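Secondary and tertiary structure notes
Listed below are the residues making up each chain.
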Amino acid sequence: MSNLMGSRRQEAGDDGERSLIGTPSRDSRENLLGPDASTPVFIYVLAFFSALGGFLFGYDTGVVSGAMLLLKKEMNLSALWQELLVSSTVGAAALSAVSGGSLNGWLGRRICILIASFIFSVGGLILSLAQDKEVLLVGRITVGLGIGIASMTVPVYIAEVSPPHRRGQLVTINSLFITGGQFIASVVDGAFSYLSHDGWRYMLGLSIVPAVLQFFGFFFLPESPRWLLQKGRSQEAREVLSWIRGCSNVDEEYDTIRSSIEEEEKEAGGGGFIILRILSHGPTRRALIVGCGMQMFQQLSGINTVMYYSATILQMAGVRDDKQAIWLAAATSATNFVFTLVGVWLVEKVGRRKLTVGSLLGTGLSLALLAVGFLLSAQNSPPITLHPVDSQNSTCRLYGSCERCMLDPGCGFCYRDNGTTVYDSSCIPVNEASTDLAAWGRCSNQSEAADGAIWAYNYCPTSYSWIVLLGLILYLASFAPGMGPMPWTVNSEIYPLWARSTGNAYSAGVNWIFNVVVSLTFLHAAEYLTYYGAFFMYTGLVVLALLFVLGCLPETKGLQLEDIENLFAGQLCSCGDSSPSDTRHVHYIRVKGHNYLPSDNEASDVE
Ligand SMILES: O[C@H]1[C@H](O)[C@@H](O)[C@H](O)[C@@H](O)[C@H]1O
């Protein structure tokens, strides 16, 4: 393999190119990027229309919590049906992300984005017109199929059309659109929550607007020049490249891509399942491990638990009014969105690796703070002072404190408070039809009954809620710029062209699978480990993520996509040793009449 890696791109162009080794100076980098390394506006138009796919991903995953509040009342949904309607989308996304790989290789990025936006539009239409829960389920699965394809195609498309010096930023815009979609969804949820009849139709159906916009936009937008070249459509590829670079002199970039595709094909051999070829070829196998690891750790850092749990955290902090809680949850999504913007700004300044490491450090510390907040709340949990004699033989009567009572999914805490102390507190079975009410007694009518009794289903009143609230804000501020977007950005860059769609498909699939796993296990984890135990567990997982990233994630900032495979040539988890700014670096300048690649960077394939 080392020979193969060493011989890579020896024939860099018909008229001759020569590679030089050395730390690239700013001037030479600019040579590579064009005289002034300026970015034509058109590339931003492309990124905008593509990132609408990210917006729909965020919108459709975010909007469902608010829609469910109205739907469960209007359609009388059981807990099972609520679970199905929420998780079917994520499950369908996992499946379609994986199958999106072959679709991308076969039909191209543009057609896949058109298919995804078409599916989003149909899904939105089904959801807004649904008359029963079965049709709703079909709509949610349809939308999930669209999300899966979009989640793996859009980052790849943006990375392939971007110039190297803007690539990280433009791909990260897709993540900004994901969190933007989640934020807009929470605002739409808030606005339509006042419309108790059919409000959910607007919430779920509004996604048709961006979906249709993206569909028509992509009618006029070009295919990725890299995919066109791979399919042998060289003339079209050259035209698209000149179009998106805003100049006709694209020979250098065109030649680099073309020769790299030729070399890749020789290296990886044709035929067979691409995933098997990826696994049997050292650099791509290592890239896949890094890509899937990043996606797995993103979800294991608990982002969706924290987002989902934000409403409860706010209730712990004393927000009792449902409407107020909905608007404050929108503030949580807004924080996630605003701090993703910081990521877009930093990614080309500090690079992917430093951004991810910094983000993980902050995420770990804030998770530990959240855990300490929950621990102090548990240790100071209000006691149960009233034991009403009920006709039901329930386990709820056995608990002595709110903490134990609240961790049992069958029970809730019913209490009164005078602003400083909790009194008249009891542990009561939950109403089977709705967790908003107790099965009987003072808390069985409204969440705040006439005599001032308050029903707390999954939280306990505590004076330490400010620690938890601070932890929540710090968590979002640390996670959103790095661990949120970087797994998507890095995956769009680390695979050679022949392996890119399959690599992204599998890593996106891993993201979705761990999304389901974390959301389905959180409540059980909290039940067995308590809340603070669960958050200490996430802290431990973030420490593992930090070790993984420190050891295995190379810096890809500023490199041509075609050069990135070299970063995975060495042993697995030694790639963190180097970054483009501190190692010798191979790049190409055009020198007439000679093709030469010194063997300095010869790769070892030993793992
Ligand atoms: O990158 C995104 C983003 O951070 C979202 O907020 C989160 O809900 C997704 O699961 C994740 O993939």
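Residue positions within a chain follow its written sequence, with the count starting from 1. The model is predicted, so local features are restricted to residues of pLDDT at least 70 and side-chain atom pairs to those at 80 or more, both for listing and for counting; the totals for chains, interfaces and linings are taken over all residues. To get the side-chain values, take all heavy atoms of the structure and skip hydrogens and water.

The protein chain carries the name Proton myo-inositol cotransporter in an unreviewed UniProt entry, which gives Parambassis ranga as its organism. UniProt positions are given in the numbering used here, feature names are shortened, and annotations may be inferred rather than shown by experiment. For the protein chain, the Sequence similarities (unreviewed entry) comment in UniProt is given as "Belongs to the major facilitator superfamily. Sugar transporter (TC 2.A.1.1) family." Its UniProt record gives the protein chain the following Function (unreviewed entry) comment, quoted word for word: "H(+)-myo-inositol cotransporter. Can also transport related stereoisomers."

**Some thoughts on the site of the ligand**
Here a residue is near a molecule or strand as soon as one of its heavy atoms is found within 4 Å of it. As a matter of local geometry, the ligand sits amid F57, T179, Q182, Q298, Q299, N304, N336, F479, G484, W488, N511 and N515. As used in this structure description, the phrase polar contact means that two N or O atoms lie within 3.5 Å; if the pair is within protein, one of them must be able to donate a hydrogen and the other to accept it, and residues adjacent in sequence are counted only when both atoms belong to side chains. Here an oxygen atom of the ligand and a side-chain polar atom of Q299 are 3.0 Å apart. Residue W488 places a side-chain N or O atom 3.1 Å away from an oxygen atom belonging to the ligand. Here a strand is any run of E in DSSP of at least two residues, a helix any run of H or I of at least four, and the numbering for each starts at the N terminus. Only helix 8 (164-192), helix 15 (282-300) and helix 22 (497-552) provide two or more residues apiece to the shell around the ligand. Nonpolar residues are Ala, Val, Leu, Ile, Met, Phe, Trp, Tyr, Cys and Pro. Charged residues are Asp, Glu, Lys and Arg, and all others, Gly as well, are polar. Of the residues that constitute the shell around the ligand, the class distribution is 3 nonpolar, 9 polar and no charged. Here the bounds of each domain stem from an automatic or database domain assignment. When residues of the shell around the ligand are sorted by domain, at least three fall in each of domain 1 (38-221) and domain 3 (281-380 + 463-570).

**Overview of a nonpolar patch on the surface**
Residues enter a patch when their relative accessible area is above 30% and they make no salt bridge; the linking distance is 9 Å between like charges and 5 Å between nonpolar side chains (Val, Leu, Ile, Met, Phe, Trp, Tyr). Only the protein chains shown count as cover for residues, with accessible areas throughout obtained via the Shrake-Rupley method and a probe of 1.4 Å. Counted as salt bridges are all cases of a side-chain nitrogen of Lys or Arg within 4 Å of a carboxyl oxygen of Asp or Glu. Taken together, the side chains of V212, F216, F219 and F220 present a nonpolar region at the surface, about 440 Å² in accessible area. Counting through the fold element by element, F216 comes out in helix 10 (residues 208-219).

**A short note on the state of the cysteines**
Count a disulfide wherever a pair of cysteine sulfur atoms falls within 2.5 Å. As enumerated under the stated definition, the model contains 4 disulfides in all. The residue that forms a disulfide with C405 is C427, at a sulfur-sulfur distance of 2.2 Å. An S-S torsion of about 90° defines the bridge between C405 and C427 as right-handed. A residue pair is termed long-range when its members are at least 10 positions apart, and C405 in helix 19 (residues 402-407) and C427 in strand 3 (residues 422-429) qualify at 22 residues. When a residue's accessible area, from a 1.4 Å probe over protein chains only, is under 20% of the maximum for its type it is buried; when over 50% it is exposed; and in between it is partly exposed. Of the residues examined, C427 reaches a relative accessible area of 6% and is grouped as buried. At a sulfur-sulfur separation of 2.0 Å, the disulfide partner of C414 is C443. Torsion about the S-S bond of the C414 and C443 cystine: about 80°, corresponding to right-handed handedness. Here the residue C414 occupies a position in strand 2 (residues 411-417), and C443 occupies one in the loop between strand 3 and strand 4 (454-456), the gap between them amounting to 29 residues. C292 takes part in no disulfide bond, and the closest cysteine sulfur to it belongs to C552, at a distance of 13 Å. For C292, a relative accessible area of 16% corresponds to the buried category.

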